[in-house]
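This is what each chain is made of:
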Amino acid sequence: MRCAFECVFLHLSNKRNRSFSVQKYLIKDLGLYDGQEITLMGWASNKRESKGLVFVVLRDGTGWCQCVISQETVGDAIFEEAKKITLEASLSITGKIVKDERQMGGFELQASSVTLIGNSVDYPIAKKEHGVDFLMDKRHLWLRSQRQWAIMRIRNKIIYSIHAFFQQEGFVQMDAPLFTGNACEGTSNLFETDFYGDPAYLSQSGQLYGEAMAFSMGKIYTFGPTFRAEKSKTRRHLSEFWMIEPEMAFYDIFENMDLIENFLRFVVSAVLDDCQNELAVIGRDTSVLKNIIQPFPRLAYDEAVRIIKGEQDVNGKNAIVSLEDELAEVKARIQSVRTEITEREEKIKIPGMKKGEIGFNQAQIDKLKQELGDLEEQERNIPQWLNSARNFEYGNDLGGSDETVITRLFEVPIMVYNWPHEVKAFYLKRDPENSKFARGVDVLAPEGYGEIVGGGERETDEKLLIEKINEHQLPMEAFEWYLDLRRYGTVPHAGFGLGLERLVTWICKLPHVRESIPFPRMYGRLLP
RNA sequence: UCCUUCUUAGCUCAGCUGGUUAGAGCACAUGACUGUUAAUCAUGGGGUCCCUGGUUCGAGUCCAGGAGAGGGAGCCA
């Protein structure tokens, strides 16, 4: 079957005489072709020139390779063409693969011929630092850069290993609908659309459908997009994001927590095993990721609150004190960054400095200024967070800053469970041992990243559910089908929802979720 | 919805208590250079200082309103 398909494809491409239709040799495999003459196809990600030599860094999606085009070897005509190569022009380059210790992959290509496939005039992304807004406007091109390439490869690995984990654990992937007639939790803002004349909403969770599907298969997981119309402008919110929602029959909250822990350990380990190169490209310090083999601390809500308020220490670290220390560090760093900027600015004013050195200093100043901006933002935010942590009122949900405060004290993800039932979703099971609490669990990623998973054991008592639906002022008729799940053979069951982009963001230690998805959709951003 | 910071060349940014003709680096163009790693060096072109109104002899700079962006709160994965 597969062979027949390939034959048809090759036959068609021969018939059309498309000489550039197949990348036969890939940069990731250069080691196999040492000393051989091969043809690479890709894009020029960088070019440097000197008399009689042109250096083109070619990228083909699998890697980067420096190609040396020498006037002596290729002749005057091809050399003149090679000199005109611009950033991101697409090329086919034929030449010999040679070992060269100085190169990133350990090999370079010494060209014998170069063919231009597609021109590229005035490529907008320059070989220098750019602002976020500019890069987001050029997201379709930004994805070509090495850092974005690495992030997307890691995202791909995460997606692949999520499927691998659940499939090997006997879960069946089933999809929840994206059009829904009701608000599942009734809290967030929903995107409204027109469904044949009736209002319909884009799904903000497949959770309730997941429960129905679990009663058919035992263990299921959904993997699909989710929509939240929150006008949030923060580093952890998107309007459209991908969520993975497993749901298991005959699971209680503790078995659920065991599963979450094994699951996250599996995914992070897969990235550590298979994405060393990508993690190195983005400069991720993997030591924290390696802690994933340690057990995840499980904190009841009561304990988490004491830690946030500074009433209880963690391994000798106090939340309030360490936040105060951080503020002092930020202030000190601001001082030293300011001094360094002034020093460098004075230095480049002194006449006689070489142009290259001025350029280097200028680049350093630009970098320092960006850091200064970030630091000044922290200087404004940390006192607010301190205030919020000190005055945390027992019974409230954890805010974004509270999550940051508590997770900075740990080097592994933590699980906070047994929440006051008033602040959590209506479908969470009331704790049989203490009716104040609902059996929900949030997983908070370390290094200040905060919530990546929310889940829990589901309420099985129909009367309590009806009470809750009324309390939240949700339309009862829309939940009749959901109540049926309690009427016809209910069983203890639990599940959770994982935000894919938040997981990618933490694993890659990105400053913002927007870099974790190819084309982010967020407040104020619908293009490209 | 609220708080906060910002908007000057294609890009990243200077521009002091308001004062001649608005600056730098990168990018681009031309030239030089045989091994460059954001190559280097020389020369050159390039501006609605976000918009509207106000104060003033004079506004990139001060004031008011608006638009857009960054961050935070709320809400959440």
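Residues numbered from 1 in each chain as written. Chains lettered and ligands numbered in written order. Predicted model: local features only at pLDDT ≥ 70, side-chain atom pairs only at ≥ 80, totals over all residues. Heavy atoms only, no water.

K.L.:
Which residues make up the nonpolar core, and what are the values?
P.N.:
Formed by 50 residues in total, the largest nonpolar core has its most connected members in I158 and I162. No other element matches helix α7 (residues 253-274), which puts 10 residues into this core. Excluding residues that lie within four positions of it along the chain, I158 makes contacts with V267, V271, L500, L503, V504 and I507. Judged by nonpolar contacts, the second largest core, of 32 residues, contains V305, V314, V330 and V337. (Core = buried A, V, L, I, M, F, W, Y, C linked by side-chain atoms within 4.5 Å. Buried < 20%, exposed > 50% of the residue type's maximum accessible area, 1.4 Å probe, protein only. Helix = DSSP H or I, 4+ residues; strand = E, 2+ residues; numbered from the N terminus. Contact = heavy atoms within 4.5 Å.)

K.L.:
Lay out the protein's contact with RNA strand B with the relevant residues and their values.
P.N.:
Near RNA strand B, the surroundings consist of 59 residues, among which K51, K127, K128, R228 and R502 are the closest. At the protein interface, 57% of the atoms of RNA strand B within 4 Å belong to sugar or phosphate. In this structure, a base oxygen belonging to RNA strand B sits 2.7 Å away from a side-chain N or O atom of S232. Tallied by class, residues from the surface near RNA strand B come to 11 nonpolar, 22 polar and 26 charged. (Near = heavy atom within 4 Å. Polar contact = N/O pair within 3.5 Å; in protein donor to acceptor, adjacent residues only side chain to side chain. Nonpolar A, V, L, I, M, F, W, Y, C, P; charged D, E, K, R; others polar.)

K.L.:
Describe in detail the sheet that holds strand β8 (residues 192-195), supporting the description with residues and values.
P.N.:
Spatial ordering of the open sheet is given by β7-β9-β8, a layout of 3 strands whose pairing is antiparallel. Looking along the sheet, the strands with just one partner apiece sit at the ends: β7 (179-180) and β8. Here β8 pairs with strand β9 (residues 198-202) via 4 bridges, running antiparallel. Within β9, the residue paired with T193 across the bridge is A200. (Pairing = 2+ DSSP bridges.)

K.L.:
Describe unusual backbone geometry, naming the residues involved and giving the relevant values.
P.N.:
In this structure, P528 follows L527 across a cis peptide bond, with omega equal to -5°. If you trace the backbone, P528 turns up in the segment after α16 (500-508). With phi around 60°, F250 is a residue other than glycine that occupies positive phi space. Note that F250 resides in the loop between β11 (240-249) and α7. For F250, a relative accessible area of 58% corresponds to the exposed category.

K.L.:
Pulling in residues and values, what's your account of the confidence of the model for chain A?
P.N.:
The predicted model of chain A has a mean per-residue pLDDT of 87, with 92% of residues at 70 or higher. Ranking the helices and strands of chain A by mean pLDDT puts strand β6 (residues 172-173) first, with 98, and helix α1 (residues 2-16) last, with 39. Here residues 1-18 scores under 50 on pLDDT; set against residues more than four positions off or in separate chains, the count is 3 contacts. Across the assembled chains, the prediction reports ipTM 0.86 with pTM 0.90. (pLDDT = per-residue confidence, 0-100.)

K.L.:
Hey, could you go over helix α15 (residues 480-487) for me, with residue numbers and the actual values?
P.N.:
Buried within α15 we find Y482, L483, L485 and R486. For α15, the angular spread of buried residues about the axis comes to 140°, placing them on one side. Lining the buried residues of α15 we find α6 (207-217), α14 (462-471) and β16 (493-499). Within two residues after α15, G489 carries a phi angle of roughly 70°, on the positive side. (Arc of directions from axis to C-beta.)

K.L.:
Let's hear about the sheet that holds strand β2 (residues 53-59): which residues, and what values?
P.N.:
Taken together, 5 strands build a closed barrel; the order of strands is β1-β2-β3-β5-β4 and the barrel is mixed. Geometrically, the sheet is characterised by an average inter-axis angle of 50° between neighbouring strands, direction not taken into account. Those strands touched by helix α2 (residues 71-83) are β1 (37-50), β2, β3 (64-70) and β5 (107-118), and its axis lies near 110° from that of β3. (Axes fitted to C-alpha atoms, helices over the stretch in contact; angles between N-to-C directions.)

K.L.:
Describe the packing of helix α5 (residues 146-168) against α7, with residues and values.
P.N.:
The N-to-C vectors of α5 and α7 enclose an angle of 135°; their axes lie 9 Å apart at closest approach. Relative to α7, α5 is oriented oblique. Regarding α5 and α7, the two cross each other, and that crossing is right-handed. Contacts from I154, K157, I158, S161, I162, A164, F165, F166 and Q168 in α5 reach L259, N262, F263, F266, V267, A270, V271 and D274 in α7. (Parallel < 35°, antiparallel > 145°, perpendicular 65-115°, else oblique. Left-handed = near helix turned anticlockwise from the far one by under 90°.)

K.L.:
How would you sum up the packing of aromatic side chains? Please name residues and give values.
P.N.:
Tallying each qualifying case throughout the model produces 20 aromatic pairs. Consider the rings of F165 and F263, whose centres lie 5.4 Å apart with planes at 55°: the pair is tilted. Residue F165 is located in helix α5, and its partner F263 is located in helix α7; the two are separated by 98 residues in the primary sequence. Each member of the pair, F165 as well as F263, is classed as buried. With 4.9 Å between their ring centres and 20° between their planes, Y209 and W481 make a pair best called stacked. Pair noted here: Y209 is in helix α6 and W481 is in helix α15, with a separation of 272 residues, a long-range link. For Y209, a relative accessible area of 22% corresponds to the partly exposed category. By relative accessible area, which is 29% here, W481 ends up partly exposed. Among the aromatic side chains, those forming a connected cluster through ring pairs are F165, F166, F171, Y221, F263, F266 and F496. One cation-aromatic arrangement involves R486 over Y482; the distance from NZ or CZ to the ring centre is 4.3 Å. (Phe/Tyr/Trp six-rings, centres within 6.5 Å; stacked < 30°, edge-to-face > 60°. Lys NZ or Arg CZ within 6 Å of the ring centre and 35° of its normal.)

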